[in-house]
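# Structural overview for review
The residues making up each chain are set out below.
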Amino acid sequence: MSTRDINPFVHLAAGSIGGSIGVIVTSPIELVKTRQQSSVSSYASMKVIALSKDRSLVNLCSQIIKNEGYRSLFKGLTPSLAAVVPTKAAFFYINAKSRQVLANFLHQGQVINLTAGTVAGICNAFMMNPFWVVKTRLQLDERSCNKNDIKRYVTNIWRTESWRGFTRGASASAVGSLEHGLYFLVYEELKTRKFCMSVFSDAYRETSYVPAMVHLSASACVSKVIANTIMYPTEVVRTRLREVSEGTPYHERKYRRVVQTLRKIYLEEGLSGCYSGWTLQLAKTIPFTIITFLVYEAVLTSYSESDR
């Protein structure tokens, strides 16, 4: 059974499960990366993680535990988990549904993959942005964790910025959604290329499930690294737009719009500023992508086999 023939709700469930597990495992890396992307965090000067002892990921996490407590490694995890199910579910569902619709009008697989992935990314960017605003604020708070942190930030954002505060960074996320289109474009190509691995022949795949999963993982990681590297500056812009700026009128804020923010970062910090935390993003990409897509493909495979 082709993945295009599988019920979109199966894509929804598969994406939710894989995304939830991936978010939990990579939460500490995401925390440090977000702080490096910011202009207000004490980690902001660490634009690129060097291989020196004092800037290793383990050492940075140790500093966070020492100064803020071990629970701080998982700051922002609650809104992330609250959002990951609808986020991943909606993304895979919209992507699958878009491909089904586009297949009726287009016959170029590459165009379908690129367009469907981008459309799914844009929809997610606007639907889930309030969760990401709260998550970013929590991760940039270098005080010890408090059980009322989420309530405090939600209330404060609404009180000081109204509903507009929950939309901050949405425009950067929408532009960055092209990453999803590029990702699926490369992923589908690598997944089906004969020179990658012969396990995709029907006879081989039935008796060699593990090599197939290894190939899918490698395809997913390579695709994610390529797409993310191209579009990564939009992530830095997104974080800067979501930084706390209480009491500052919009026209006086340092970061206001996507192009203006990207230009200011480049002029003040150079290309390295546009790629703040990029090495940590790569460190996060490998386990997160492997977990998400192994679970995603495993669920689809199990469903296809059970439906025969």
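Keep in mind that this is a model prediction, so the values were computed, not measured. (Residues numbered from 1 in each chain as written. Predicted model: local features only at pLDDT ≥ 70, side-chain atom pairs only at ≥ 80, totals over all residues. Heavy atoms only, no water.)

### Concerning the environment of Ala-170
To keep it simple, the criterion reads: Helix numbers and strand numbers start at the N terminus; a helix is a DSSP run of H or I with at least 4 residues, a strand a run of E with at least 2. Contacts between residues were defined by any pair of non-hydrogen atoms, one from each residue, lying within 4.5 Å.
Its place among the elements puts Ala-170 in helix α7 (residues 170-176). Along the backbone, Ala-170 and Asn-124 are 46 residues apart, and their C-alpha atoms lie at a distance of 9.6 Å. Sequence-distant contacts of Ala-170, defined by excluding residues within four places in its chain, comprise Ala-125, Phe-126 and Asn-129.

### Quick look at the side chain of Asn-124
Relative to the helices and strands, Asn-124 is located in helix α4 (residues 109-127). Ignoring anything within four residues of it in the chain, the contact list for Asn-124 reads Pro-86, Thr-87, Ala-90, Phe-91 and Asn-129.

### Describing unusual backbone geometry
So the rule is basically this: For the exposure calls, accessible area comes from a 1.4 Å probe over protein chains only, and a residue counts as buried if that area is under 20% of its type's maximum, exposed if over 50%, partly exposed in between.
Notably, Ser-162 is not glycine yet its phi reads approximately 60°, a positive angle. Note on Ser-162: relative accessible area 26%, which makes it partly exposed.

### Some words on the packing of aromatic side chains
Each aromatic ring pair is specified by the distance between its two centres and by the angle formed by the two planes. For clarity, the threshold we go by: Two rings from Phe, Tyr or Trp (for Trp, the six-membered ring) form a pair when their centres are within 6.5 Å of each other. A pair whose planes differ by under 30 degrees is stacked, one over 60 is edge-to-face, and the rest are tilted. Only when the NZ atom of a Lys or the CZ atom of an Arg is both within 6 Å of the ring centre and within 35 degrees of the ring normal do we say a charge sits over the ring.
Counting across every chain of the model gives three aromatic pairs. The structure contains a cluster of three or more aromatic residues connected by ring pairs, namely Tyr-232, Tyr-275 and Trp-278. Residue placement shows Arg-152 over the ring face of Tyr-153; its charged tip is 4.8 Å from the ring centre. Just above the ring of Phe-288 sits the side chain of Lys-284; from NZ or CZ to the centre is 5.5 Å.

### Side note on α4
Formally: A helix is expected to span 1.5 Å multiplied by its residue count minus one.
For α4, built from 19 residues, the straight-helix expectation of 27 Å at 1.5 Å per residue is met to within 8% by its first-to-last C-alpha distance of 27 Å. Of the residues making up α4, those classed as buried are Ile-112, Asn-113, Ala-116, Gly-117, Thr-118, Ala-120, Gly-121, Asn-124 and Ala-125.

### Observations regarding helix α11 (residues 233-241)
With eight of nine residues buried, α11 is to be regarded as a mostly interior element. Buried residues of α11: Pro-233, Thr-234, Glu-235, Val-236, Val-237, Thr-239, Arg-240 and Leu-241, and no others.

### Structural notes on the nonpolar core
Applicable threshold: What is meant by a nonpolar core is a set of buried Ala, Val, Leu, Ile, Met, Phe, Trp, Tyr and Cys residues, joined one to another through side-chain atoms within 4.5 Å.
Counting 18 residues, the largest nonpolar core has Phe-92, Tyr-183, Phe-184, Tyr-187, Phe-293 and Tyr-296 as the members making the most contacts within it. Breaking this core down by element, the ones donating at least two residues are α1 (8-37), α3 (77-102), α8 (178-192), α10 (209-231) and α13 (278-306). Once residues lying within four places of it in the same chain are set aside, the contact partners of Tyr-187 are Leu-216, Ser-219, Ala-220, Ser-223, Phe-293 and Glu-297. Counting nine residues, the second-largest nonpolar core is a separate cluster that includes Val-236, Leu-241, Tyr-255 and Val-258.

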